[in-house]
Amino acid sequence: MRSLPLTLVARLLPVAVIAAAGVAMTTSSDSDAHPKPSASSPRPSATATASADPTSAPTPDGQGDGTAAPRYPEPPAKPCGTLPAGTVKELVPEAETAGTRLKTSDATHRSGCSWHALSGFDYRWLDITYDVSASAPARARTAQGSGPSTAVPGLGDQASVSLNVTTDDDQRIREAVVVARDANAVVTVTYNGGDFETHEAAGTEEIRKGAITAAKTALAALNG
């Protein structure tokens, strides 16, 4: 069995060091940015942008007539509690189920949580972000990545998933990004992983289905 690569050792430093390297979400602007995943830093890479009419509040169906209050007044105050412990353990084996709350400069409009862990040589990363606007976006944000984006029926008002694989230093990482809109809320889920012994990316269906499962649970948490 091969020893852990130095890049992976560096990746597993304490959370404080990881955050300083740019893992934690920063929200000084209106869009979220995730660094590109690599063998040395297998973290979410997708970037999504939203379009919205700030002058129009949505009706309950999310179409906005300028009179009704937004369906969702704010994102979850405890985003790390939106996924059951069992779901976290299934998607990110060996992860601390409490998760790590992502940093935000405006908790009234944005919140999120991240989980990551190494089980043997098998690595997984999952994060969820919530964006709640004063009015409903005209359309769901589009997941950006090297792979094509496809619709996810039955998930909020509109949802899509994109898949891509990156290779860095012979390590392949597969990533899925799901972006789902429900009225004035947008939920973005990023899920990726790879095997640091074989250098192979995680399976396509595992990553795709895992991201969609997390998105469904995260979106349901807005209503419950």
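Rules used throughout
- Residues numbered from 1 in each chain as written.
- Predicted model: local features only at pLDDT ≥ 70, side-chain atom pairs only at ≥ 80, totals over all residues.
- Heavy atoms only, no water.
- Core = buried A, V, L, I, M, F, W, Y, C linked by side-chain atoms within 4.5 Å.
- Buried < 20%, exposed > 50% of the residue type's maximum accessible area, 1.4 Å probe, protein only.
- pLDDT = per-residue confidence, 0-100.
- Contact = heavy atoms within 4.5 Å.
- Salt bridge = Lys/Arg side-chain N within 4 Å of Asp/Glu carboxyl O.
- Helix = DSSP H or I, 4+ residues; strand = E, 2+ residues; numbered from the N terminus.
- Pairing = 2+ DSSP bridges.
- Axes fitted to C-alpha atoms, helices over the stretch in contact; angles between N-to-C directions.
- Expected span 1.5 Å × (residues − 1).
- Disulfide = S-S within 2.5 Å.

Caption draft 1: Quick peek at the nonpolar core. Ranked by size, the top nonpolar core spans 35 residues in total, and within it Trp115, Leu126, Ile128, Leu155, Val178, Val187 and Val189 carry the most contacts. Ranked by size, the runner-up nonpolar core spans five residues in total, among them Phe121, Tyr123, Trp125 and Phe196.

Caption draft 2: Looking closely at the confidence of the model for the protein. Per-chain confidence: the protein averages 76 in pLDDT, with 64% of residues scoring 70 or above. Every residue in residues 46–65 is under pLDDT 50, and counting partners more than four places away or in other chains gives 58 contacts.

Caption draft 3: Inspection of the pattern of salt bridges at higher detail. All chains considered together, the criterion is met by six salt bridges. The salt bridge involving Arg71 is made with Asp182; its shortest N-O contact spans 3.3 Å. Placement of Arg71 in the loop between β3 (51–52) and α3 (85–91) and of Asp182 in strand β10 (residues 171–182) is noted, with a sequence separation of 111 residues between them. When salt bridges with common partners are traced through the structure, they connect Asp122, Arg124 and Glu206 into a single cluster.

Caption draft 4: Focus on the sheet that holds strand β8 (residues 149–151). Read across the sheet, seven strands follow the order β4-β5-β6-β11-β10-β9-β8 without closing on themselves; strand pairing throughout is antiparallel. Sheet topology places β4 (100–101) and β8 at the edges, where each strand pairs with a single neighbour. As paired strands, strand β9 (residues 158–168) and β10 are joined by eleven bridges and run antiparallel to one another. Counted as the bridge partner of Ala159 is Ala180 from β10. The sheet contacts of helix α4 (residues 204–222) involve β6 (122–132), β9, β10 and β11 (185–195), and relative to β11 the element is tilted by about 150 degrees.

Caption draft 5: Layout of the pairing of β10. Of all twelve residues in β10, eleven are buried, a share of seventy percent or more. In this antiparallel pair of consecutive strands, β9 and β10, the connection spans two residues, and Asp169 shows a positive phi of 55 degrees. Bridging between β10 and β11 involves nine bridges; their strand directions are antiparallel. The residue bridging Ala176 from the neighbouring strand is Tyr191, located in β11. As consecutive antiparallel partners, β10 and β11 are separated by two residues, and within that stretch Ala183 has a phi angle of approximately 55 degrees, a positive value.

Caption draft 6: Spatial organisation of unusual backbone geometry. One non-glycine residue, Glu94, adopts positive backbone phi at about 75 degrees. You will see that Asp170, though not glycine, has its phi angle at about 75 degrees, which is positive. Tracing the backbone shows Asp170 in the loop between β9 and β10.

Caption draft 7: Fine view of the environment of Val178. Summarising the element assignment, Val178 is placed in strand β10. Note: C-alpha distance between Val178 and Thr188 (ten residues apart in sequence) is 5.7 Å. Apart from residues no more than four positions distant in its own chain, Val178 is found in contact with Leu155, Ser160, Val161, Val187, Thr188, Val189, Ala211, Ile212 and Ala215.

Caption draft 8: Focus on α4. Between its first and last C-alpha atoms α4 spans 28 Å; for 19 residues at 1.5 Å apiece the expected length is 27 Å, and the two agree. Of the positions making up α4, those classed as buried are Ile207, Gly210, Ala211, Ile212, Ala214, Ala215, Ala218, Leu219 and Leu222. Looking at the buried residues of α4, the elements they touch are α3, β6, β9, β10 and β11.

Caption draft 9: Main features of the state of the cysteines. For the structure on display, the rule yields one disulfide. Linked covalently through their sulfurs, Cys80 and Cys113 form a disulfide whose S-S length is 2.0 Å. Judged by the sign of its S-S torsion, about 100 degrees, the bond between Cys80 and Cys113 is right-handed. Of the two residues, Cys80 sits in the loop between β3 and α3 while Cys113 sits in strand β5 (residues 110–119), which places them 33 residues apart along the sequence. Judged on exposure class, the residue Cys80 and its partner Cys113 are both buried.

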